Amino acid sequence: MGGHIVVAGASLGGLRAAEQLRAAGWTGGITVIGDEPHRPYNRPPLSKEVLAGKASFASLAFTPKASAADVEWRLGTRVTAARLAERAVELHDGSVLSYDGLVVATGMRPRRLRCPGPLAGRHTVRMIDDAQVLRDELTRPGVRVVVVGAGFIGCEVAATAVGLGAAEVTVVDPLPLPMVGPLGEMLARVLLARHEERGVSFVLGSGVTGFEGDDRVTGVVLSDGSVLPADVVVESVGSLANTEWLDGNGLDLSDGVLTDQHLRVGGRPEVVAVGDVARFPNPRYDGVPRRVEHWSMPADSAKHAAKVLVGGDAGVAPFAPLPTFWSDQHDFRLQSFGAPVLGLGDVRVLDGDPSGDVLVGYHRDGRLVGVVALGGPSAARAAARYRADLLKQPALTS
Amino acid sequence: MKVVVDMNKCQDHGQCVFAAPDVFRMDDDGRLAYVPDPDGALRDEVEEAADVCPLQAIRIED
Ligand SMILES: Cc1cc2nc3c(=O)[nH]c(=O)nc-3n(C[C@H](O)[C@H](O)[C@H](O)COP(=O)(O)OP(=O)(O)OC[C@H]3O[C@@H](n4cnc5c(N)ncnc54)[C@H](O)[C@@H]3O)c2cc1C
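Keep in mind that what you see is a predicted model, and the values were worked out from it rather than measured.

Examining the overall build of chain B
At step 1: When you go through chain B residue by residue, the secondary structure sums to 2 helices and 4 strands.
At step 2: When the helices and strands of chain B are placed in sequence order, the string is β-α-β-β-α-β.
At step 3: In terms of overall size, chain B behaves like a compact globule, its C-alpha atoms giving a radius of gyration of 10 Å where 62 residues would be expected to give roughly 11 Å.
At step 4: When the backbone C-alpha atoms are referred to their principal axes, chain B occupies close to 30 × 20 × 15 Å.
At step 5: The 62 residues of chain B split such that 44% are buried.
At step 6: Sequence-distant contacts in chain B: of pairs separated by 6 or more residues, those separated by 24 or more amount to 59%.
At step 7: Averaging the positions of the 6 positive and the 15 negative side-chain charges in chain B gives two centres separated by 7 Å.

Structure follows, in structure tokens:
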């Protein structure tokens, strides 16, 4: 098959898209455009092994498959606009690249706190370069660290900072418990206790209204007016989709790029989206379009999107992935299958005990929609059993 | 086909076991065990396993 496919975004989603286009039989040209100067690399270690000094940057780079050897990589190159009607994208150097197929794989960037105070000493963790700079800061003797945001990445960073021997590590969040949004109250309470036992402090139910310091952060001002002293601040308050370059094409970009059940964008058969940036309906659940920011999603979605882009949708079942994610914090691991967030109203212990290894089940209308394992091999084994059940369930929408 | 797992990288996530159960398994202690020279017919499964490894610890050599 001839022609040219442009992939915008050169991270896991962009890499897997290029590989899966070849696997789907595309023999035409493929150009992957990424604004980072680096080849695709693995992000999860950025908040864990990289910060801890246990992984070199070289070890994070993905090794592309041989089938993708002739893909053209244009790194350090930003896509600034798309003209979908003309099948062309504009690049930051002013050049225009036309395509026969387009893959949207531009992912997310960290949301920043917009409140007064100095910027120096405030960090986010998304890119390899961020993690390197933060690592140097966290290893300063006697460092006091404040993490804003008690989600997965915030809690991972806090755990890593404690492991590095930081003098004080405090996590601030307006919500009453860490990770409570995606995991629910039961597990959030268990996780709070485990973090506290290992030396992380929490200030919960409290927002951040500003930062103190002249040239550099010295403290974090909380909504009750009190101030937490801080040498380093990590902002981990969610992410925003990189979709501005798609503006002006009449697309729904309200939270990522909306796709149909085959990951196609804007009703166009020649444009698909993959990875964190794609907001797609999942017929496995309620068919409501959602973004899923899990590591497994770029590969799953790239496989489906590439097949449909190259061969069309005839006979192809709708994209219906089983979401899965993990999170490593201190000496424990969380492993999730399915969509726990859809079953927060009915949470039951399925195996083990919250004081040790435990497997928690999330139900909607009495039906299991997700499981989360906390702990070692026994929890992982139990989760694997339930994963098989979750996979076998018929779709909720059909 | 030869399969090599970098056991220094492996963190026992077990995703490869889901993708290629005939080649990878977790032992009773939750550690990865695998067949280093699986049948060539299992190639797709093993490639899938290599893709889904969060540590990218699995390599296929011909
Ligand atoms: C610190 C951290 C820890 C994580 N830990 C876990 C974990 O433990 N478990 C888990 O399941 N998931 C984890 N994740 C999530 C996982 O890494 C993501 O789901 C995955 O990286 C998404 O890949 P992607 O290719 O869709 O997007 P991204 O990785 O965001 O890549 C998008 C790429 O596109 C580029 N780009 C953006 N706009 C443009 C443009 N206009 N032109 C050109 N290029 C552009 C970006 O610079 C970026 O390189 C973690 C993420 C982070 C940041």
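Considering the domain arrangement of chain A
All names here are of chain A.
At step 1: Domain annotation for chain A reports domain 1 (4-107 + 242-311), domain 2 (112-237) and domain 3 (331-392).
At step 2: The C-alpha-based centres of domain 1 and domain 2 are spaced at 30 Å.
At step 3: Counting from both sides, the interface comprises 15 residues of domain 1 and, opposite them, 15 residues of domain 2.
At step 4: Carbon and sulfur atoms make up 63% of the surface buried where domain 1 meets domain 2, a total of about 1400 Å² over both sides.
At step 5: In this assembly, domain 1 and domain 2 are joined by 2 salt bridges.
At step 6: When the shortest N-O distance is used, the salt bridge between Asp276 and Arg126 registers 3.1 Å.

Some points on the pairing of strand β1 (residues 2-5) of chain B
All names here are of chain B.
At step 1: Residue alternation in β1 divides its side chains into a buried set, Val3 and Val5, and an unburied set, Lys2 and Val4.
At step 2: Looking at chain direction, β1 and strand β4 (residues 58-61) are connected through 4 bridges and run antiparallel. If you follow Val3 over to β4, its bridge partner there is Ile60.

Observations regarding the site of the ligand
All names here are of chain A.
At step 1: The environment of the ligand is made up of 34 residues, and the closest members are Asp35, Glu36, Arg43, Lys48 and Arg126.
At step 2: Note that an oxygen atom of the ligand is positioned 2.4 Å from one of the side-chain N or O atoms of Asp35.
At step 3: Arg43 places a polar side-chain atom, nitrogen or oxygen, 2.6 Å from an oxygen atom of the ligand.
At step 4: Burial of the ligand by the protein amounts to 97% of the accessible area it has alone, namely 1000 Å².
At step 5: Of all elements in the fold, only α1 (12-23), β2 (29-34), α4 (152-163) and β22 (324-329) reach the threshold of two or more residues within the shell around the ligand.
At step 6: Here the shell around the ligand spans two domains, since at least three of its residues come from each of domain 1 (4-107 + 242-311) and domain 2 (112-237).

Some details on the confidence of the model for chain B
All names here are of chain B.
At step 1: In this model, chain B carries an average pLDDT of 95, and 100% of its residues clear a pLDDT of 70 or more.
At step 2: Highest mean pLDDT in chain B belongs to helix α1 (residues 15-19) (97); lowest belongs to β4 (94).
At step 3: Confidence metrics for the complex model read pTM 0.97 and ipTM 0.95.

Quick look at the sheet that holds β22 of chain A
Residue and element names in this part refer to chain A.
At step 1: Within the open sheet, the 5 strands sit side by side as β22-β23-β26-β25-β24. Their pairing is antiparallel. At either end of the open sheet lies a strand with only one pairing partner, and these are β22 and β24 (347-352). This sheet shows a mean twist of 20° between the axes of neighbouring strands, independent of strand direction.
At step 2: Contacts between α4 and the sheet are confined to β22 and β23 (332-338), with β22 contributing the most and set at about 25° to the helix.

Notes on the interface of chain A and chain B
At step 1: In this assembly, 19 residues from chain A lie in contact with 17 residues from chain B.
At step 2: Taken over both partners, the interface formed by chain A and chain B buries close to 1400 Å², and the fraction arising from carbon and sulfur atoms is 44%.
At step 3: For chain A, the biggest contributors to the area lost against chain B are Lys65, Trp295 and Arg333 of chain A; these three give 27% of the whole.
At step 4: Put simply, chain A and chain B have 3 salt bridges between them.
At step 5: Secondary structure elements with two or more residues in the side of chain A that touches chain B: α1, β22, β23 and α8 (377-392) of chain A.
At step 6: Sorting elements by how many residues they give to the side of chain A that touches chain B places α8 of chain A first, with 4 residues.
At step 7: For the side of chain A that touches chain B, the class distribution of residues is 6 nonpolar, 5 polar and 8 charged.

Details of the UniProt feature "domain: Reductase C-terminal" (unreviewed entry) in chain A
At step 1: According to UniProt, the feature "domain: Reductase C-terminal" (unreviewed entry) maps to residues 325-385 of chain A in the numbering used here.
At step 2: Secondary structure content for residues 325-385 of chain A is 15% helix and 54% strand, while the C-alpha to C-alpha distance between its ends is 16 Å.

Here's the deal with helix α6 (residues 185-197) of chain A
All names here are of chain A.
At step 1: Its 13 residues give α6 an end-to-end C-alpha distance of 18 Å, which sits within 8% of 18 Å, the value for a rise of 1.5 Å per residue.
At step 2: Among the residues of α6, those classed as buried are Leu187, Ala188, Val190, Leu191, Leu192, Arg194 and His195.
At step 3: Among the residues trailing α6, Gly199 stands out with phi positive, at a value near 105°.

The rules behind these values
Residues numbered from 1 in each chain as written. Chains lettered and ligands numbered in written order. Predicted model: local features only at pLDDT ≥ 70, side-chain atom pairs only at ≥ 80, totals over all residues. Heavy atoms only, no water. Helix = DSSP H or I, 4+ residues; strand = E, 2+ residues; numbered from the N terminus. Rg over C-alpha atoms; globule rule 2.2 N^0.38 Å. Buried < 20%, exposed > 50% of the residue type's maximum accessible area, 1.4 Å probe, protein only. Contact = heavy atoms within 4.5 Å. Lys, Arg positive; Asp, Glu negative; His and termini not counted. Charge placed at Lys NZ, Arg CZ, Asp CG, Glu CD. Domains from an automatic or database assignment. Buried area = accessible area lost by both parts, 1.4 Å probe. Salt bridge = Lys/Arg side-chain N within 4 Å of Asp/Glu carboxyl O. Pairing = 2+ DSSP bridges. Near = heavy atom within 4 Å. Polar contact = N/O pair within 3.5 Å; in protein donor to acceptor, adjacent residues only side chain to side chain. Areas by Shrake-Rupley, 256 points an atom, 1.4 Å probe, with all protein chains shown as cover. pLDDT = per-residue confidence, 0-100. Axes fitted to C-alpha atoms, helices over the stretch in contact; angles between N-to-C directions. Nonpolar A, V, L, I, M, F, W, Y, C, P; charged D, E, K, R; others polar. UniProt positions renumbered as here; feature names shortened; annotations may be inferred. Expected span 1.5 Å × (residues − 1).

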